[in-house]
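# A look at the structure
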Amino acid sequence: MSDIEQLEKDLLAKIGAADTGAALEEVRVAALGKKGVVSERMKTLGKMSPEERKEMGPALNGLKTRIADAIETKKTELEAAALDARLASEKVDVTLPVRPEPKGKIHPVSQVTEEIIAIFSAMGFDVAEGPDIEDDFHNFTALNFPPDHPAREMHDTFFFEPKEDGERMVLRTHTSPVQIRTMMNEKPPIRIIIPGRTFRCDSDQTHTPMFHQVEGLVIDKETHMGHLKGTLQAFVKTFFELDDVKTRFRPHFFPFTEPSAEMDVQYERVGNEVRFGQGDKWMEILGCGMVHPNVLRNCGLDPDEYQGFAFGMGVDRLAMLKYGIPDLRDFFAADARWLEHYGFDAADQPSLWAGLSK
Ligand code: DAH
């Protein structure tokens, strides 16, 4: 065997044995690099006699080409093998559930609050919040409750011990004080909903000392009762996920609205179940009205320039009605079995496009 054949055999063996890109590169440099064995041999051509060169030239060129080809082929093989290995190790089974066993459930109050927010957000309402502990001014006075008016007692208010100046702070009895805070701090147009905890000294199957409301407030220059009715009608239809539902507005009294109304929704009772959108019974579901001029004035707004409407609803009651939950007290009993039964999956985020409750 000529020494060129021997060299080729050795180099091909090394190429064959290279099992990584880096190892192959080492072989390439050692053979074809500037100081590589094949390159060194090529340099010797210059010193040869013409006859010798005639013979050795094609032989060395052939060697160089075959080695370069072998390296290239091996490189492609190694790359393909590396890709296969990576695909095998990074394999993802897309049919596996994201969380095989999700633990915990979303409370119906949180879910229904999110549903209500989704509906009003789509209508362009922002979410506003305020403190649970309120002063008398925001909870009552600014909302046009006259001093010593029985409504203050009607709310079964939890009062704190009087402060040094005699003022008694309260646990807010409704979310309406956040209307006042917003109107005093923001310039109209205002379009907000106010979800939050509220407190009254009361407890039975449909009342708990702590419960939840969502308040709504719209203030603009040409707001009227038609806007109020249209907004709430659209809300009820979307919330109860009905194609059609009748509502009616019954005159009522609230100190902070004039005129005031309660909104009733058409329903029917089938066995133990309440079905909305059918039948000829009426169920009261929220209070509403046009913001009283005194309330606007108390917040520094001119009633001749601005009008608005407001509404307030009980979230817990809406959750009971929509999801057929019989006793309100269970909502706050922290019973994991109850939550397992009535709760919602964390992935079921209410939205208008994916469905509120699916
Ligand atoms: N604040 C009232 C309550 O707790 C509910 C309510 C009724 C709020 C009418 C409003 C409204 O904004 O306009 O009983």
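Our subject is the structure listed above.
Please read all numbers here as calculations on a predicted model, not as lab measurements.

### Details of the site of the ligand
- Around the ligand, the surrounding shell holds 15 residues, and the nearest of these are H174, S176, R200, Q213 and E215.
- Protein contacts shield 91% of the accessible area of the ligand, which totals 350 Å² for the unbound molecule.
- Considering only residue class, the shell around the ligand consists of 5 nonpolar, 8 polar and 2 charged.

### Things to note about the packing of aromatic side chains
- Considering all chains together, one arrives at 15 aromatic pairs under this definition.
- For the ring pair F254 and F256, a centre distance of 5.6 Å and an interplane angle of 20° mean the geometry is stacked. The same class applies to F254 as to F256, namely buried.
- Here a set of aromatic residues connected by ring pairs shows up, and it is made of F120, F125, F235, F239, F240, Y267, F276, F309 and F311.
- Here R168 stacks its cationic end above the ring of F159, 3.8 Å away from the centre of that ring.
- Taking the ring centre of F239 as reference, the NZ or CZ of K322 above it sits at 4.6 Å.

### Considerations on the layout of surface pockets
- Here the second largest pocket defines a volume of roughly 200 Å³.
- Those elements that place two or more of their residues in the lining of the second largest pocket are β4 (190-199) and β5 (210-220).
- Residues that form the lining of the second largest pocket fall into these classes: 3 nonpolar, 5 polar and 4 charged.

### Looking at the packing of helix α1 (residues 3-17) against helix α4 (residues 50-89)
- Across the interface, α1 lies against α4 with an axial gap of 10 Å and an inter-helix angle of 10°. Taken together, the axis directions place α1 and α4 in an arrangement best described as roughly parallel. Contact residues: I4, L7, E8, L11, L12, I15 and G16 in α1; M56, A59, L60, L63, R66, I67, A70, I71 and K74 in α4.
- Per-class residue counts for the contact of α1 with α4 are 12 nonpolar, 1 polar and 3 charged.

### With respect to the packing of helix α5 (residues 108-122) against helix α9 (residues 225-239)
- Packing of α5 against α9 brings their axes to within 10 Å, and their N-to-C directions diverge by 130°. Taken together, the axis directions place α5 and α9 in an arrangement best described as oblique. At the point where α5 passes α9, the crossing takes the right-handed sense. Here α5 contributes V112, E115, I116, I119 and F120 to the contact with α9, which in turn contributes T231, F235, T238 and F239.

### Overview of helix α11 (residues 315-323)
- Of all 9 residues making up α11, 7 are buried, and the element is well covered by its neighbours.
- Of the surrounding elements, those touching the buried residues of α11 are α5, β5, α9, β8 (273-276), β9 (281-291) and β10 (307-314).
- Backbone geometry just downstream of α11 places G324 in the positive-phi region, at approximately 60°.

### So, the pattern of salt bridges
- Within this structure, the stated rule accounts for 20 salt bridges.
- In this structure, D264 and R250 form a salt bridge, with 2.7 Å as the shortest nitrogen-oxygen distance. A residue pair is termed long-range when its members are at least 10 positions apart, and D264 in strand β7 (residues 257-270) and R250 in strand β6 (residues 247-254) qualify at 14 residues.
- Judged by its relative accessible area of 27%, R250 is partly exposed.
- A salt bridge links R275 to E273; its shortest N-O distance comes to 3.3 Å.
- Among the residues examined, R275 registers a relative accessible area of 32% and is labelled partly exposed.
- Given a relative accessible area of 41%, E273 falls into the partly exposed group.
- Connected through salt bridges with shared partners, the residues R248, R250, E262 and D264 form a single ionic network.

Calculation rules
- Residues numbered from 1 in each chain as written.
- Predicted model: local features only at pLDDT ≥ 70, side-chain atom pairs only at ≥ 80, totals over all residues.
- Heavy atoms only, no water.
- Near = heavy atom within 4 Å.
- Areas by Shrake-Rupley, 256 points an atom, 1.4 Å probe, with all protein chains shown as cover.
- Nonpolar A, V, L, I, M, F, W, Y, C, P; charged D, E, K, R; others polar.
- Phe/Tyr/Trp six-rings, centres within 6.5 Å; stacked < 30°, edge-to-face > 60°.
- Buried < 20%, exposed > 50% of the residue type's maximum accessible area, 1.4 Å probe, protein only.
- Lys NZ or Arg CZ within 6 Å of the ring centre and 35° of its normal.
- 1 Å grid on protein atoms, 1.4 Å probe; cavity = no way out; pocket = protein on both sides within 12 Å on 5 of 7 lines; lining within 4 Å.
- Points joined across faces, edges and corners; volume = space filled by probe spheres on them.
- Helix = DSSP H or I, 4+ residues; strand = E, 2+ residues; numbered from the N terminus.
- Axes fitted to C-alpha atoms, helices over the stretch in contact; angles between N-to-C directions.
- Parallel < 35°, antiparallel > 145°, perpendicular 65-115°, else oblique.
- Contact = heavy atoms within 4.5 Å.
- Left-handed = near helix turned anticlockwise from the far one by under 90°.
- Salt bridge = Lys/Arg side-chain N within 4 Å of Asp/Glu carboxyl O.

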